[in-house]
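Structural features, examined
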Amino acid sequence: MKTPPAPNGRKRKVLIVDDHPLLRDGLAKVINQQPDLAVCGEAPDARTGLAAAAKLRPDVVIADLT
């Protein structure tokens, strides 16, 4: 499924929240290869993720909260 284009042709900002650094790194590489997406930040836990979301204002958050 293709992501609809972002307004004004800008890339959609993605924040990744997961406690596994290798998973965050792998997801970031895959996301950054997409022409319409860019990782704007990463966080290892929910608390840090919420602070990052408030600061970075991503369009999408991918979170693994167990």
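Before reading on, note that the structure itself is shown above.
All values reported here derive from a predicted model rather than from experimental measurement. (Residues numbered from 1 in each chain as written. Predicted model: local features only at pLDDT ≥ 70, side-chain atom pairs only at ≥ 80, totals over all residues. Heavy atoms only, no water.)

Let's talk about the overall build of the protein chain
From N to C terminus, the protein chain includes two helices and three strands. Shown N-terminal to C-terminal, the secondary structure of the protein chain runs as helices and strands in the order β-α-β-α-β. Relative to its full complement of 66 residues, the protein chain shows a buried share of 27%. Long-range pairs, those at least 24 residues apart, make up 67% of the contacts in the protein chain with a sequence separation of at least 6. (Helix = DSSP H or I, 4+ residues; strand = E, 2+ residues; numbered from the N terminus. Buried < 20%, exposed > 50% of the residue type's maximum accessible area, 1.4 Å probe, protein only. Contact = heavy atoms within 4.5 Å.)

Some details on the environment of His 20
Relative to the helices and strands, His 20 resides in the loop between strand S1 (12–17) and helix H1 (21–32). Overall, His 20 belongs to the partly exposed group, its relative accessible area being 45%. Remark: the alpha-carbon pair of His 20 and Pro 44, spanning 24 residues in sequence, is separated by 7.1 Å.

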